[in-house]
Amino acid sequence: MATERTLSIIKPDATKRNLTGKINAKFEDAGLRIVAQKRIQLTEAQAGKFYEVHAERPFYGELCEFMASGPVVVQVLEGEGAIAKNREVMGATNPADAAAGTIRAEFAESVGENSVHGSDAPETAAVEIAYFFSGLELVG
Ligand code: ADP
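Rules and cut-offs
- Residues numbered from 1 in each chain as written.
- Predicted model: local features only at pLDDT ≥ 70, side-chain atom pairs only at ≥ 80, totals over all residues.
- Heavy atoms only, no water.
- Phe/Tyr/Trp six-rings, centres within 6.5 Å; stacked < 30°, edge-to-face > 60°.
- Buried < 20%, exposed > 50% of the residue type's maximum accessible area, 1.4 Å probe, protein only.
- Lys NZ or Arg CZ within 6 Å of the ring centre and 35° of its normal.
- Near = heavy atom within 4 Å.
- Polar contact = N/O pair within 3.5 Å; in protein donor to acceptor, adjacent residues only side chain to side chain.
- Areas by Shrake-Rupley, 256 points an atom, 1.4 Å probe, with all protein chains shown as cover.
- 1 Å grid on protein atoms, 1.4 Å probe; cavity = no way out; pocket = protein on both sides within 12 Å on 5 of 7 lines; lining within 4 Å.
- Sits in = over half its atoms within 2 Å of the grid points.
- Nonpolar A, V, L, I, M, F, W, Y, C, P; charged D, E, K, R; others polar.
- Helix = DSSP H or I, 4+ residues; strand = E, 2+ residues; numbered from the N terminus.
- Salt bridge = Lys/Arg side-chain N within 4 Å of Asp/Glu carboxyl O.
- Core = buried A, V, L, I, M, F, W, Y, C linked by side-chain atoms within 4.5 Å.
- Contact = heavy atoms within 4.5 Å.

Student: I keep staring at the packing of aromatic side chains and nothing clicks. Help me out?
Tutor: For any pair of aromatic rings, geometry is given as the distance between the ring centres together with the angle between the planes. For the structure on display, the rule yields four aromatic pairs. A centroid spacing of 4.9 Å and a plane angle of 85° characterise the contact between Y131 and F132, whose relative ring orientation is edge-to-face. On the basis of relative accessible area, F132 is assigned to the buried category, the value being 9%. Joined through ring pairs, the aromatic side chains of F50, Y51, Y131 and F132 make up one cluster. Geometry around F133 places K38 over its ring, the cationic atom sitting 4.6 Å from the centre.

Below is the structure:
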């Protein structure tokens, strides 16, 4: 399996509860390397652009408002099969369905306020990483 990079976001429900370190430990324990990271405050418009594939979904407005409700930590995770591995560590979208030990099982508050985002494919990972980071910020 090839070395990949994926875009991860620690969402406002988690930064608010001071869970950045605990979530990062889950990534590192799974063999994912945090090769870039910054804490930022998104506007609703910036969150809306990031999630524009969901624009037609009924929860889109609520999702954009939530993502702009407090700071987020955006990060690039690197490792063997990092995209799938990160989604495994995150757990299912709805914490009620998330496997024991996953980030969402342990920390998520609801299907919407579910603590983390992770890219779902190589193409989306490339676009999402470029949305938040310049090449100069990716030092490996
Ligand atoms: P994932 O983040 O697991 O890839 P999706 O791409 O389906 O999940 O959804 C993107 C985000 O939209 C979710 O992480 C969650 O924050 C929000 N979301 C998804 N489904 C719902 C829902 N039914 N109600 C409210 N928010 C939702």
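Student: Even after reading the chapter, I still don't get the site of the ligand, so can you show me in this structure?
Tutor: Close contacts around the ligand come from K11, H54, R57, F59, E62, L63, R87, T93, R104, V111, G112 and N114, and that covers them all. K11 has a polar side-chain atom sitting 2.9 Å from an oxygen atom of the ligand. At a separation of 2.9 Å, an oxygen atom of the ligand approaches a polar side-chain atom of N114. Contact with the protein chains covers 78% of the free accessible surface of the ligand, which is 530 Å². The pocket occupied by the ligand, as judged from atoms lying within 2 Å of grid points, is the largest pocket. Tallied by class, the residues present in the shell around the ligand amount to three nonpolar, four polar and five charged.

Student: What am I meant to see in unusual backbone geometry here?
Tutor: Trans is the common state for peptide bonds, and a negative phi is the common state for residues other than glycine. Residue N18 is not a glycine yet carries a positive backbone phi of 65°. Of note, N18 is situated in the loop between α1 (12-16) and α2 (20-29). The phi dihedral of S115 falls on the positive side, at around 70°, and the residue is not glycine. Among the structural elements, S115 can be located in the loop between α6 (103-107) and β4 (116-118).

Student: Help me understand the pattern of salt bridges in this model?
Tutor: Two side chains with opposite charge may pair up if their charged atoms get near one another. Taken as a whole and judged by the stated rule, the model has six salt bridges. With a closest N to O distance of 2.8 Å, R5 and E78 form a salt bridge. Note that R5 is positioned in strand β1 (residues 3-10) and E78 in strand β3 (residues 72-80), a separation of 73 residues in sequence. Judged by relative accessible area, which is 30%, R5 ranks as partly exposed. For E78, a relative accessible area of 19% puts it in the buried group. Here K26 makes a salt bridge to E106, at a shortest N to O gap of 2.8 Å. On the criterion of sequence distance, the pair formed by K26 in helix α2 and E106 in helix α6 is long-range, its members being 80 residues apart. A network of salt bridges, in which partner residues are shared, links D13, R17 and E109.

Student: Where do I start with the nonpolar core in this structure?
Tutor: The tendency in soluble globular proteins is for nonpolar side chains to be buried side by side. Ranked by size, the top nonpolar core spans 19 residues in total, and within it L7, I9, M67, F132 and F133 carry the most contacts. For this core, the secondary structure elements donating two or more residues are β1, β2 (33-40), α3 (44-50), α4 (60-67), β3 and α7 (122-132). Per-element tally for this core: the top contributor is α4, with five residues. Excluding its chain neighbours within four sequence positions, the residues that come into contact with F132 are L7, I9, K38, I40, L42, F50, V74 and E137. Ranked by size, the runner-up nonpolar core spans 14 residues in total, among them I10, L32, V73 and F107.

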